[in-house]
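Examination of the molecular architecture
The lines below spell out each chain.
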Amino acid sequence: MADLIQQLRETTAFIQQHYPHTPEAGIVLGSGLGNFANEMEVEKEIPYANIPHFPVSTVEGHSGKLLFGKLNGRRVVAMAGRFHFYEGYTAEQVTYPIRTMKFLGIQHLLISNAAGGVNPNFRVGDLMLITDHISLAIINPLLGKNHGDLGPRFPDMSEPYSKALQQKVKNIADSLQVPLQQGVYFGVTGPTFETRAEYKMIHALGGDAVGMSTVQEVIVAIHMGLPVVAISIITDLGIREEDNVITHQEVLEAAAAAEPKLSAIFKQLVAAL
Ligand code: HPA
């Protein structure tokens, strides 16, 4: 297998042949957030399947793509669809697009996701600014040989979510009068939703929300010195005592319903970077 760095260079060269501009920010669109693309002035779309060294989708009907263009006057690249560990990709494959976007020149990474709320103050449809995360229950994408050209062997994780970017998001949410929760994202692999006991444990361990993405992406971003800001849409509540069946459908619907709030924040944020 070719060296990771060499692969990233080849991927970057391919993309730059098709889109010669440098995006300032990368945006990862979570489940149910497909409409966000309508906010962008898309100049170029590249399906993941066409990009050399991008993971090959094994899931039927799974169609992801990179969107290049302008958002509120700023050049961005957005991932419409992300790779999840539960789909069977390795941690390196899950995070390959994040590394690619850094190679393309992004200086900020904006992440969104759907997450289950375990903080009793949360309601479905809330936005949660991620202030920190707990990565114990995921596979760390930096396991194995360290790629010193990307970052250090033992990255500091004291500020995985940029405090400066968090402050900007809070100011923007205030000015838009969008209520914003804040809290700790607890990463899991999925694909099962959690048991009642697990949701309680996650809350007891310090989580406010739980989800199946994001943490591996953030780890590789921090490894490369790329500042991150991330917002969860709370799509279901894990700690209800009543019947608590959670379906993928309700997660998608709740994410889509809350999407305009998230889009409005990201739109202003890119202009304020
Ligand atoms: N648990 C894990 N991942 C999720 C959830 C959840 O309740 N909701 C959306 N993604």
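Within each chain, residues carry numbers counting from 1 in the order of the written sequence. Whole-chain, interface and lining totals are the exception, using all residues; otherwise, since this is a predicted model, local features are given only for residues with pLDDT of at least 70 and side-chain atom pairs are given and counted only at 80 or more. The side-chain values count all of the structure's non-hydrogen atoms but skip hydrogen atoms and water molecules.

**What to know about the packing of helix H3 (residues 163–176) against helix H6 (residues 248–271)**
For helices, the axis comes from a line fit to the C-alpha atoms of the stretch in contact; other axes are also lines fit to C-alpha atoms, and the angle between any two N-to-C directions lies between 0 and 180 degrees. Per the convention used, a helix needs a DSSP run of H or I reaching at least four residues, while a strand needs a run of E reaching at least two, with both numbered from the N terminus. Contact pair H3 / H6: the axes reach a minimum separation of 10 Å and the direction vectors enclose 125 degrees. The angle between H3 and H6 falls in the class oblique. Helix-helix and strand crossings are classified by hand; for H3 and H6 the assignment is right-handed. The segment H3 lies against H6, with Lys168, Val169, Ile172, Ala173, Ser175 and Leu176 engaging Ala264, Ile265, Gln268 and Leu269. All amino acids are sorted into three groups, where Ala, Val, Leu, Ile, Met, Phe, Trp, Tyr, Cys and Pro are nonpolar, Asp, Glu, Lys and Arg are charged, and the leftover types, Gly among them, are polar. When grouped by side-chain class, the residues that make up the contact of H3 with H6 number seven nonpolar, two polar and one charged. Any angle that falls under 35 degrees is termed roughly parallel, while one over 145 is termed roughly antiparallel, one within 65 to 115 roughly perpendicular, and all others oblique. A clockwise turn of the near helix away from the far one marks a right-handed crossing, whereas an anticlockwise turn of less than a right angle marks a left-handed crossing. Any two residues whose heavy atoms approach within 4.5 Å are treated as being in contact.

**Let's talk about the nonpolar core**
A general trend in soluble globular proteins is that nonpolar side chains are found buried together. By nonpolar core is meant a set of buried Ala, Val, Leu, Ile, Met, Phe, Trp, Tyr and Cys residues that side-chain atoms within 4.5 Å join together. We call a residue buried when its accessible area falls under 20% of the maximum for its residue type, exposed when it is over 50%, and partly exposed in between, using a 1.4 Å probe and counting protein chains only. By size, the foremost hydrophobic cluster in this structure holds 47 residues, and its most contacted members are Leu66, Ile98 and Leu109. For this core, the elements supplying multiple residues, two or more each, are helix H1 (4–18), strand E3 (65–71), strand E4 (74–80), helix H2 (91–103), strand E5 (108–117), strand E6 (127–134), helix H5 (215–223) and strand E9 (228–237). One finds Ala37, Leu129, Ala255 and Phe266 within the second-largest nonpolar core, a separate group that totals 30 residues.

**What about empty space enclosed by the protein?**
Cavity means a closed set of points on a 1 Å grid over the protein atoms alone, one where a 1.4 Å probe fits but cannot get out, pocket means an open set with protein on both sides within 12 Å along at least 5 of 7 lines, and lining means a residue has an atom within 4 Å of a point. Grid points are joined across faces, edges and corners, and a volume is the space filled by probe spheres set on the points. All told, the structure shown has two cavities of 30 Å³ or more when counted by the stated rule. In this model, the largest cavity occupies a volume close to 90 Å³. Forming the walls of the largest cavity are 13 residues, and the residues nearest its centre are Phe85, Met212, Ser213, Thr214 and Gln216. Of all the elements, H5 adds the most residues to the lining of the largest cavity, at three residues. Grouping the amino acids of the lining of the largest cavity by side-chain chemistry returns seven nonpolar, five polar and one charged.

**Observations concerning the site of the ligand**
Only heavy atoms are used to decide nearness, and a residue is near a molecule or strand if one of them lies within 4 Å of it. Inspection of the region around the ligand gives Ala114, Ala115, Gly116, Phe193, Glu194, Tyr199, Val210, Gly211, Met212, Thr235, Asp236 and Val251 as its neighbouring residues. At 2.6 Å from a nitrogen atom of the ligand is found a side-chain nitrogen or oxygen belonging to glutamate 194. N or O atoms within 3.5 Å of each other form a polar contact, as long as, within protein, one can give a hydrogen and the other can take it, and as long as residues adjacent in sequence are counted only when both atoms are side-chain atoms. One of the side-chain nitrogen or oxygen atoms of tyrosine 199 is found 2.7 Å away from an oxygen atom of the ligand. All accessible areas in this document rest on Shrake-Rupley with a 1.4 Å probe, and a residue is counted as covered only by the protein chains that are shown. Relative to its free-state accessible area of 260 Å², the ligand is covered by the protein chains to the extent of 96%. A total of three residues in the shell around the ligand trace back to one element, the largest contributor, which is E5. Classifying every residue of the shell around the ligand gives seven nonpolar, three polar and two charged.

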